[in-house]
Amino acid sequence: EVVGELAVTEANFDLLQTLDVEEPEKGGTITLNCTGSGTAVATVASTWHMPLAPPPQPAFMAAQTWDWSQTPKITTTLCVNATEVDHRLEGYHMARLGLFSGYEALVETVKTKEKHQSHLIKRVERGDSAVEIYLDRLPPAELCLSLDLLRQHTVEDPAPVLSEVYDYYDPARRGTATSRHLQAASDPGAGAGGRPP
């Protein structure tokens, strides 16, 4: 079966010409027949598609909840666990709690859910869009960090926020949680411990 013909002339000698083989999965032998004089370069390229590998499991599992019951103050809690594939917990780690537009972080309220873990918090810094918490290390058990936010002004449809925890010396080892704002200043469905939709 003839797949096709290519002609090299003075008009097209510097152009790349290609032919596609129909139904290559049937296999077989490809034969190139050349006639004429001069020099030409011919190549055969084979490509195939492989299924995508599943994404790697994150080093940490992060989950974030929100308590809207005391609006205009809200409380957010970020809980972190090391995954089964990663138990390197020693050394500095960072927890970054994202802030919704229009809210001020009350950094003095940062605390751990379990009092015996409070010594793990070494420093707290407030930025424009997040609060960063420096942790001495991560404990083998779950670590939950809470923070109060106070609404300063209303922002219509605020952008989602990203909160995360990561290894200070190896930032690729991380876990993330994304939340959307619950427009709940007068929403009767906003309850304690509620999670934005």
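These remarks concern the structure in this document.

Calculation criteria
- Residues numbered from 1 in each chain as written.
- Predicted model: local features only at pLDDT ≥ 70, side-chain atom pairs only at ≥ 80, totals over all residues.
- Heavy atoms only, no water.
- Helix = DSSP H or I, 4+ residues; strand = E, 2+ residues; numbered from the N terminus.
- Buried < 20%, exposed > 50% of the residue type's maximum accessible area, 1.4 Å probe, protein only.
- Contact = heavy atoms within 4.5 Å.
- Areas by Shrake-Rupley, 256 points an atom, 1.4 Å probe, with all protein chains shown as cover.
- Salt bridge = Lys/Arg side-chain N within 4 Å of Asp/Glu carboxyl O.
- Pairing = 2+ DSSP bridges.
- Axes fitted to C-alpha atoms, helices over the stretch in contact; angles between N-to-C directions.
- Phe/Tyr/Trp six-rings, centres within 6.5 Å; stacked < 30°, edge-to-face > 60°.
- Lys NZ or Arg CZ within 6 Å of the ring centre and 35° of its normal.
- Disulfide = S-S within 2.5 Å.

### Focus on the overall build of the protein
When helices and strands are counted, the protein shows zero helices and nine strands. In the protein, the succession of helices and strands from N to C terminus is β-β-β-β-β-β-β-β-β. Residues classed as buried in the protein amount to 31% of the 197 residues present. Counting contacts in the protein only where the partners sit at least 6 residues apart, residues at least 24 apart contribute 66% of the total. Of the accessible surface of the protein, which amounts to about 13,800 Å², a share of 52% is contributed by carbon and sulfur atoms.

### Here we look at the pattern of salt bridges
Within this structure, the stated rule accounts for five salt bridges. The salt bridge involving Arg123 is made with Glu125; its shortest N-O contact spans 3.1 Å. The class for Arg123 is partly exposed, based on a relative accessible area of 42%. Classification of Glu125 as partly exposed rests on a relative accessible area of 32%. We note a salt bridge from Arg173 to Asp167, for which the minimum N-O separation is 2.3 Å. The exposure class assigned to Arg173 is buried, which follows from its relative accessible area of 5%. Overall, Asp167 belongs to the buried group, its relative accessible area being 9%.

### Regarding the environment of Thr77
Structurally, Thr77 is set in strand S2 (residues 73-82). Taking the C-alpha atoms as reference, Thr77 lies 9.6 Å from Val110; in sequence the two are 33 residues apart. Apart from the residues within four sequence positions on either side, Thr77 is in contact with Ala63, Gln64, Thr65, Cys144, Leu145 and Ser146.

### Notes on the sheet that holds strand S9 (residues 170-179)
Strand order in this open sheet of five strands is S5-S6-S3-S8-S9, and the pairing throughout is antiparallel. Each edge of the open sheet is held by one strand with a lone partner, namely strand S5 (121-126) and S9. Each strand of the sheet is rotated relative to its neighbour by a mean of 15 degrees, with strand direction disregarded. Across seven bridges, the pairing between strand S8 (residues 161-167) and S9 is antiparallel. When the sheet's bridge partners are listed, Ser163 is paired in S9 with Ala177.

### Topic: the packing of aromatic side chains
This model, assessed by the stated rule, comprises seven aromatic pairs. Ring plane angle 85 degrees and centroid distance 5.1 Å describe the contact between Tyr168 and Tyr169, whose orientation is recorded as edge-to-face. According to the relative accessible area criterion, Tyr169 is exposed, its value standing at 62%. Sitting over the face of the ring of Tyr166, Arg174 holds its NZ or CZ atom 4.7 Å from the ring centroid.

### Some points on the state of the cysteines
Considering all chains together, one arrives at one disulfide under this definition. In this model Cys79 forms its disulfide with Cys144; the gap between the sulfur atoms is 2.1 Å. In this structure the cystine formed by Cys79 and Cys144 twists about its S-S bond by roughly 110 degrees; its chirality is therefore right-handed. Taken as a pair, Cys79 in strand S2 and Cys144 in strand S7 (residues 143-151) lie far apart in primary sequence, 65 residues in all. On the basis of relative accessible area, Cys79 is assigned to the buried category, the value being 16%.

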